[in-house]
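Chains, contacts and geometry: an overview
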Amino acid sequence: MLSEEKRIACMNPPVGRLRLAIDTDTMNEVDDQFAIAWAAASKDRFDLEALYAAPFSHDCFNALNEDEALVAAAGEANGHSEDPADGMEQSYQEIIRILGMMNEPTEGRVFRGSGRYLPDRETPVDSPAVRDLIHRAMNGSGMLYVAAIATLTNIASAILLEPAITEHMTVVWLGGHQLSCGHGIEFNLIQDVYAAQVVLNSGVPMIWVPCNNVAALLTVTESELRTFMENNGTISDYLAKTVLNKFLVP
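This report concerns the structure included in the present document.

What about helix 6 (residues 128-139)?
Note: α-helices contain 3.6 residues per turn, so residues at a spacing of three or four share the same orientation. Along its 12 residues, helix 6 runs 16 Å from first to last C-alpha, staying within 8% of the 16 Å computed at 1.5 Å per residue. Residues of helix 6 that are buried sit in contact with strand 1 (18-24), strand 2 (46-53), strand 3 (110-112), strand 4 (144-149), helix 7 (153-161) and strand 5 (169-174).

Shown next, in the form of structure tokens:
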């Protein structure tokens, strides 16, 4: 395990081009598509080595049925999947679609992730994404940065299978809320609480991006989408219409 000093050093903003993998439930909302396209286009900053499709399902919200407003809001804002495996497959296909629009290679770069959540804190859920993450972290040159914009099932499974990867990667996780929020009802967290516990307890360098009052402040307006993105190239138009069709267009 890394020393505290080395762990903190890994979390300092690095200089130069980064090795990057993105772990994403791409079809759940609309933000992950933007993240993938931006990372793929920012070749001066990122070497986007791999993209992992993460599971997603909204059963976690349905279990909170005492809060009908929360369940209704989740259903309106998010995608739909029959189960975690279906959500993962939808996300895999969306990653392929986005990279195709950008003429980016997909072979050996896009991997299906876990089809279910961790059953406990000791049992990994194996998948091609998990195996690739282990191989890439252990064999690449320099630190691998993993942008985790989904539940942490894939990353936790990789750590359980090969704990040594915590010395070779830094995780940037968008999930949970700031501790002062008063509750932890956040999609990337509550889908797989075991996975979050595994990663948070593993000692891996982690840059944590809470959702409430942090990531939630990263917004885009209809005017910006229509002025700067709509009808401005294949991927730009696709991203704009993904948001407009989901939230604004009757």
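That was the structure; now back to the text.
Quick look at the state of the cysteines
Considering all chains together, one arrives at zero disulfides under this definition. We note that C181 lacks a disulfide partner, and the nearest cysteine sulfur, in C211, lies 10.0 Å from it.

Some remarks on the packing of aromatic side chains
Going through the model one piece at a time under the given rule, you end up with two aromatic pairs. For the pair W38 and F46, a centre-to-centre distance of 5.3 Å together with 75° between the ring planes defines the contact as edge-to-face. Under the relative-accessibility criterion, W38 is labelled exposed at 57%. On the basis of relative accessible area, F46 is assigned to the buried category, the value being 11%. When the ring of Y52 is compared with that of F111, the centres are 6.1 Å apart and the planes differ by 50°; the resulting orientation is tilted. With Y52 in strand 2 and F111 in strand 3, the pair connects residues that are 59 residues apart, well separated along the chain. What makes Y52 buried here is its relative accessible area of 1%. One residue, R112, lies across the ring of Y92, its end atom 3.9 Å from the ring centre.

Notes on the packing of helix 2 (residues 31-41) against helix 11 (residues 234-248)
The N-to-C vectors of helix 2 and helix 11 enclose an angle of 165°; their axes lie 10 Å apart at closest approach. By the angle between their directions, the pair helix 2 and helix 11 is classed as roughly antiparallel. When the axes of helix 2 and helix 11 are compared, the crossing they make is left-handed. Together, Q33, F34 and A37 of helix 2 and I235, L239, T242 and V243 of helix 11 make up the contact between the two elements.

Examining the layout of surface pockets
The calculated volume of the second largest pocket comes to roughly 180 Å³. Taken together, W173, G176, H177, Q178, L179, H183, G184, L189, L200, M206 and W208 make up the full set of residues lining the second largest pocket. Per-class residue counts for the lining of the second largest pocket are six nonpolar, five polar and no charged.

Considerations on unusual backbone geometry
Positive phi outside glycine occurs at N103, with the angle close to 55°. Along the polypeptide, N103 turns up in the loop between helix 5 (84-101) and strand 3. Its relative accessible area of 71% is what places N103 among the exposed residues. A positive phi angle, close to 60°, is found at N231, a residue other than glycine. Here N231 shows up in the loop between helix 10 (222-229) and helix 11.

Section: the packing of helix 5 against helix 11
Axis separation between helix 5 and helix 11 bottoms out at 8 Å; the angle between their running directions is 140°. Regarding the angle of helix 5 to helix 11, the classification is oblique. Taking contact as the criterion, the partners of E94, R97, I98 and M101 in helix 5 are, on helix 11, T234, I235 and Y238. Split into classes, the residues belonging to the contact of helix 5 with helix 11 amount to four nonpolar, one polar and two charged.

Looking at the sheet that holds strand 5
Judged by pairing direction, the sheet is parallel, and its six strands sit side by side in the order 3-2-1-4-5-6 without closing on themselves. At either margin of the open sheet sits one strand with a lone partner, and together these are strand 3 and strand 6 (206-209). The mean angle between the axes of side-by-side strands here comes to 20°, regardless of whether they run parallel or antiparallel. Here strand 5 pairs with strand 6 via four bridges, running parallel.

Procedures and definitions
Residues numbered from 1 in each chain as written. Predicted model: local features only at pLDDT ≥ 70, side-chain atom pairs only at ≥ 80, totals over all residues. Heavy atoms only, no water. Helix = DSSP H or I, 4+ residues; strand = E, 2+ residues; numbered from the N terminus. Expected span 1.5 Å × (residues − 1). Contact = heavy atoms within 4.5 Å. Disulfide = S-S within 2.5 Å. Phe/Tyr/Trp six-rings, centres within 6.5 Å; stacked < 30°, edge-to-face > 60°. Buried < 20%, exposed > 50% of the residue type's maximum accessible area, 1.4 Å probe, protein only. Lys NZ or Arg CZ within 6 Å of the ring centre and 35° of its normal. Axes fitted to C-alpha atoms, helices over the stretch in contact; angles between N-to-C directions. Parallel < 35°, antiparallel > 145°, perpendicular 65-115°, else oblique. Left-handed = near helix turned anticlockwise from the far one by under 90°. 1 Å grid on protein atoms, 1.4 Å probe; cavity = no way out; pocket = protein on both sides within 12 Å on 5 of 7 lines; lining within 4 Å. Points joined across faces, edges and corners; volume = space filled by probe spheres on them. Nonpolar A, V, L, I, M, F, W, Y, C, P; charged D, E, K, R; others polar. Pairing = 2+ DSSP bridges.

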